[in-house]
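# Topology and contacts: notes
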Number of protein chains: 2
Amino acid sequence: MDMVFKALADPGRRILLDRLRSQSGQTLGQLRQHMNQHAPMSRQAVAKHLAILERANLVATLRRGREKLHYLNPVPIHQIGQRWIGKFERGRLDALAELKQTLEGENHG
Amino acid sequence: MDMVFKALADPGRRILLDRLRSQSGQTLGQLRQHMNQHAPMSRQAVAKHLAILERANLVATLRRGREKLHYLNPVPIHQIGQRWIGKFERGRLDALAELKQTLEGENHG
DNA sequence: TTGACATGCAACCATATGGTTGCATAATAT
DNA sequence: ATATTATGCAACCATATGGTTGCATGTCAA
């Protein structure tokens, strides 16, 4: 589990996870292109980040020819909440988050 | 939110959060003593870790005389899951985790 | 085969991180 | 008042981290 937390500690890697959540099965090149709009870096840098995410089991990969497709795995992230938030407490926090979202939505009118 | 992820990246700080979850309102000295059984370090090191957790809003503090009491704040942790796990997906993962826990419980018999 | 494209590996470098020691400040107990 | 206890601040140091460049490997198209 330590690798998961270490992996999530970098803002660039979190952006990569965001991107994989919004669209599954992307290649290194595609992800690199997307990073240009957030934190421009070399292809090798992105590759390193993806390797770290993969070792942490936060992304699963699939080779297709010369391409490597990346997929988000949400399971380790889900386990984080379970560590410090009790079953009882969770309902309370869920309700609170939902309320907050509702109020924010109203303000946008 | 970046501070939250950075704060969670260190194993010692996660142990501190565990300890605060199991018992609220502990002082630096108490927490330091508990760390001896996991990752022994100086008082100043523990103080630094607690400062990082506090700045990340993962622990709230309260001065009482010369003591400083520390409390776990679960809100930022809860927000992590909301970032990459959809409302729909969460139910699925909850059920899966519960099933796993049940099976593990049975194996311990 | 040959050229182009997609990824992999390794060396190198600046800075961030986590630890230490030493001293300072503030509150309690005698 | 003085000693003790609890915490705060700062300098310093070794290693981890995130980035770069350069070259190697593997796959598709002509």
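Data block above holds the structure.
All of the points below concern the structure found in this document. No experiment lies behind these values; they were computed from the predicted model shown.

Turning next to the relation of the copies chain B and chain A. Mapping chain B onto chain A leaves a residual RMSD of 0.1 Å; the transformation is a rotation of 180° accompanied by 0.0 Å of translation along its axis. Read as a symmetry element, the transformation amounts to a two-fold axis. Measuring from the rotation axis to each C-alpha of chain B, the shortest distance belongs to B:Ala9, at 2.9 Å. When you check the interface residues of chain B against chain A, 100% turn up at the interface there too, and the contact is symmetric in its surfaces.

All names here are of chain A. By the element assignment, Asn-73 lies in the loop between β3 (67-72) and α5 (75-84). A relative accessible area of 16% means that Asn-73 is categorised as buried. Only 3.0 Å separates the side chain of Asn-73 from the backbone oxygen of Asn-57, close enough to count as a polar contact. A distance of 3.3 Å separates the side chain of Asn-73 from the backbone nitrogen of Val-75, its partner in a polar contact. If near-sequence neighbours (up to four positions away) are discounted, Asn-73 is found in contact with Asn-57, Leu-58 and Val-59.

Within a regular beta strand, the side chains point alternately toward one face of the sheet and then the other, so they alternate between its two faces. With six bridges joining them, strand β2 (residues 59-64) of chain A and β3(A) adopt antiparallel strand pairing. Bridge pairing links A:Ala60 to A:Tyr71 in β3(A).

On to helix α4 (residues 43-55) of chain A. Residues and elements named next belong to chain A. The end-to-end C-alpha distance of α4, which contains 13 residues, comes to 18 Å, matching closely the 18 Å that a straight helix rising 1.5 Å per residue would cover. Those residues of α4 that are buried lie in contact with α1 (2-8), α2 (11-22), α3 (28-35), β2 and β3. Phi turns positive one or two residues past the end of α4, at Asn-57, with a value near 65°.

All names here are of chain A. With respect to the helices and strands, the residue Ser-42 is situated in the loop between α3 and α4. Relative accessible area serves as the criterion here: at 35%, Ser-42 is assigned to the partly exposed category. Between the C-alpha atom of Ser-42 and that of Arg-32, which follows or precedes it by ten residues, the distance is 7.8 Å.

Neighbouring DNA strand C are 19 residues, the closest being A:Thr27, A:Arg43, B:Ser42, B:Lys48 and B:His49. Atoms of DNA strand C within 4 Å of the protein: sugar and phosphate make up 59%, bases the balance. The backbone of A:Leu28 places a nitrogen or oxygen atom 3.2 Å from a phosphate oxygen of DNA strand C. Note that a phosphate oxygen of DNA strand C is positioned 2.7 Å from one of the side-chain N or O atoms of B:Ser42. Where the surface near DNA strand C is concerned, the elements lending two or more residues are α3 and α4 of chain A together with α4 (43-55) of chain B. Sort the elements by how many residues they give to the surface near DNA strand C and α4(B) lands first, with four residues. A per-class count over the surface near DNA strand C returns three nonpolar, seven polar and nine charged.

Basis of the calculations
- Residues numbered from 1 in each chain as written.
- Chains lettered and ligands numbered in written order.
- Predicted model: local features only at pLDDT ≥ 70, side-chain atom pairs only at ≥ 80, totals over all residues.
- Heavy atoms only, no water.
- Least-squares fit on C-alpha atoms with pLDDT ≥ 70 in both.
- Contact = heavy atoms within 4.5 Å.
- Helix = DSSP H or I, 4+ residues; strand = E, 2+ residues; numbered from the N terminus.
- Buried < 20%, exposed > 50% of the residue type's maximum accessible area, 1.4 Å probe, protein only.
- Polar contact = N/O pair within 3.5 Å; in protein donor to acceptor, adjacent residues only side chain to side chain.
- Pairing = 2+ DSSP bridges.
- Expected span 1.5 Å × (residues − 1).
- Near = heavy atom within 4 Å.
- Nonpolar A, V, L, I, M, F, W, Y, C, P; charged D, E, K, R; others polar.

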